[in-house]
Amino acid sequence: MKWEVVIGLETHAQLATRSKIFSGASTAFGAQPNTQACPVDLALPGVLPVMNRAAVECAIRFGLAIGAKVEQRSIFARKNYFYPDLPKGYQISQYEIPVVCGGTLDIVWDEGGEPRERTVRLTRAHLEEDAGKSLHEDFHGMTGIDLNRAGTPLLEIVTEPDMRSAKEAVAYAKSLHALVMWLGICDGNMQEGSFRCDANVSVRPQGQQEFGTRCEIKNLNSFRFLERAIDFEVRRQIELIEDGGTVVQETRLYDPDRDETRSMRSKEDAHDYRYFPDPDLPPLIIESHWIESVRAQLPELPAQLRERYMVDLGLSGYDATTLSASREVAAYFDETRAALAALIPPADAQSARAQAKSAANWVMVDLAAALNRDALDAQASPVSPRQLALLLARIQDGTISGKIAREVFAALWSEPGAGEDAADRVIEARGLKQISDSGAIEAIIDEVLAANQKSVDEFRAGKEKAFNALVGQVMKATKGKANPQQVNDLLRSKLGS
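Quick look at the structure, then. (Residues numbered from 1 in each chain as written. Predicted model: local features only at pLDDT ≥ 70, side-chain atom pairs only at ≥ 80, totals over all residues. Heavy atoms only, no water.)

What about the packing of aromatic side chains?
Stated precisely, the cut-off is as follows: A pair of Phe, Tyr and Trp rings is counted when the ring centres sit within 6.5 Å of each other, with Trp represented by its six-membered ring. The angle between the planes then sorts it: under 30 degrees is stacked, over 60 is edge-to-face, the rest tilted. Going along the chain from the N terminus, every DSSP run of H or I of four or more residues is numbered as a helix, and every run of E of two or more is numbered as a strand. Think of it in three bands: with a 1.4 Å probe and only protein chains considered, a residue is buried below 20% of the maximum accessible area for its type, exposed above 50%, and partly exposed in between.
Overall, the coordinates contain nine aromatic pairs when judged by the stated rule. Judged by centre distance (5.1 Å) and plane angle (85°), the ring pair of Tyr309 and Phe333 falls under edge-to-face. Taken together, the positions of Tyr309 in helix α6 (residues 302-313) and Phe333 in helix α8 (residues 327-343) put the pair 24 residues apart, joining distant regions of the chain. The exposure classification of Tyr309 matches that of Phe333, with both residues buried.

See below:
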């Protein structure tokens, strides 16, 4: 039987406020346990919560960015459950009327070497407070409680069950992660718990409309763990059903050491939490002028930037989405493209688009690989946009080939702060200038043809691979410095004659 995977994500983004959502206690990370928990966070008798305006503004920014409806009247509710790190015995959240309703997020991902795109529908985003943290280490068999996180402002973002593979889920999580950082509403630090996902996973026979029984995998704090946890859970559910078993609705945890999910508790439904409006908090009223004020302060959003890249620069949807996934990457690309155009002014729109495509390829491939290898973001790149632009200019004007350019890029990467003209100095110092003298290239081709008669005969017999072998020999003889296009043209001319 063929199976279809159905995935929805619930993401908790810690909002970038200096104080907690209902108290004035600090949200700074790394303090000693229980030093940033005030009477409101501890639920001491007689205290009252007061809404943090900055947290509301973060929610408005997010709602506008995803094209959602920002509710002008929303309600806070008490979500009742008992756990040691929840001092009140309930969590203040939103249930019936969340602050943000609807919205969409476009995602792209690679599937077997082919770019794929999808629009993921969002159900809602609501404000709530975080719980504390249970500490199980170094307590001689006991558990400690740190309430520093209690009351930290969260925006819980919930999708429709629109995703159909772990790769799609990761693509969505990465896009959402980039967006909340782009908007400045979350620092995105997954190691510190600022951005964590719960995955709702189910399977159903292909063609079936009814959803299967879902299991929720809690608190996934890395994209790698998210993908591996979903893949394992999908295999577990399919094998269970095919062996005659039944999937039970439950909450599960992912164990990265064993690369498996395991049962945590039976999955609760909304009525199990006995939601009711919090009597200590009035309805949240967001007036129209506040929404418009926030809208006026929004930066250019990824969707708008993507559209501009496609229309003005002629980039593909995949390229435009990749470059606009991060504000830092987009800024790096824009500065590189502008610097390249200043060095070699494009003659017309077509050449301007060719330059943009060249800059995009280098940023998405070579730069991205180096950043990923060294765990850096674009802002911390040892190769500046202007250095990269000069390197691309030397490819465009024929000084070096694309292959040699990668050698120069590696040299620039290992010598940060070398100056804007560093590419020229590396080319000169290492003698990497491309050979474009037709006479010199012809002489080398003649030597190669004389020494490789078998390949010449094979090419003339119709074997195109023999031509590539001859090109390789010429490039080897010139240590990769010959102009590849000239080599191809001159070699075909000689073989043809």
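More follows now that the structure is in view.
Looking at empty space enclosed by the protein
It is the rolling of a water-molecule-sized probe over the atoms that shows where space remains empty. The condition that has to hold: Buriedness for pockets is judged along seven lines, at least five of which must meet protein on both sides within 12 Å for an open set on the 1 Å grid over protein atoms alone, while cavities are sets there where a 1.4 Å probe fits but cannot get out, and lining residues have an atom within 4 Å of a point. Grid points are joined across faces, edges and corners, and a volume is the space filled by probe spheres set on the points. Under the grouping applied here, Gly and all other residues not named as nonpolar or charged are polar, the nonpolar ones being Ala, Val, Leu, Ile, Met, Phe, Trp, Tyr, Cys and Pro and the charged ones Asp, Glu, Lys and Arg.
Tallied over the full model, the rule gives one cavity of 30 Å³ or more. Forming the boundary of the largest cavity are Asp41, Leu86, Pro87, Lys88, Tyr90, Glu129, Asp130, Ala131, Ala150 and Gly151. Looking at the lining of the largest cavity residue by residue, the class counts come to five nonpolar, one polar and four charged.

Details of the layout of surface pockets
By volume, the second largest pocket amounts to about 1,900 Å³. For the lining of the second largest pocket, the elements supplying multiple residues, two or more each, are β7 (104-111), α3 (166-182), α4 (223-242), α6, α7 (317-323), α8 and α9 (349-373). The dominant element in the lining of the second largest pocket, judged by the number of residues it contributes, is α3, at ten residues. The class makeup of the residues in the lining of the second largest pocket is 28 nonpolar, eleven polar and ten charged.

With respect to the pattern of salt bridges
Convention followed: Put simply, a salt bridge is a Lys or Arg side-chain nitrogen that is within 4 Å of an Asp or Glu carboxyl oxygen.
Applying the stated rule across the entire model yields 34 salt bridges. Linking Lys218 and Asp198 is a salt bridge whose minimum nitrogen-to-oxygen distance equals 3.1 Å. Placement of Lys218 in strand β13 (residues 215-220) and of Asp198 in strand β12 (residues 195-205) is noted, with a sequence separation of 20 residues between them. Taken individually, Lys218 and Asp198 each receive the classification buried, so the pair is uniform in this respect. Within the structure, one salt-bridge network assembled from shared partners comprises Glu233, Arg236, Glu250 and Arg252.

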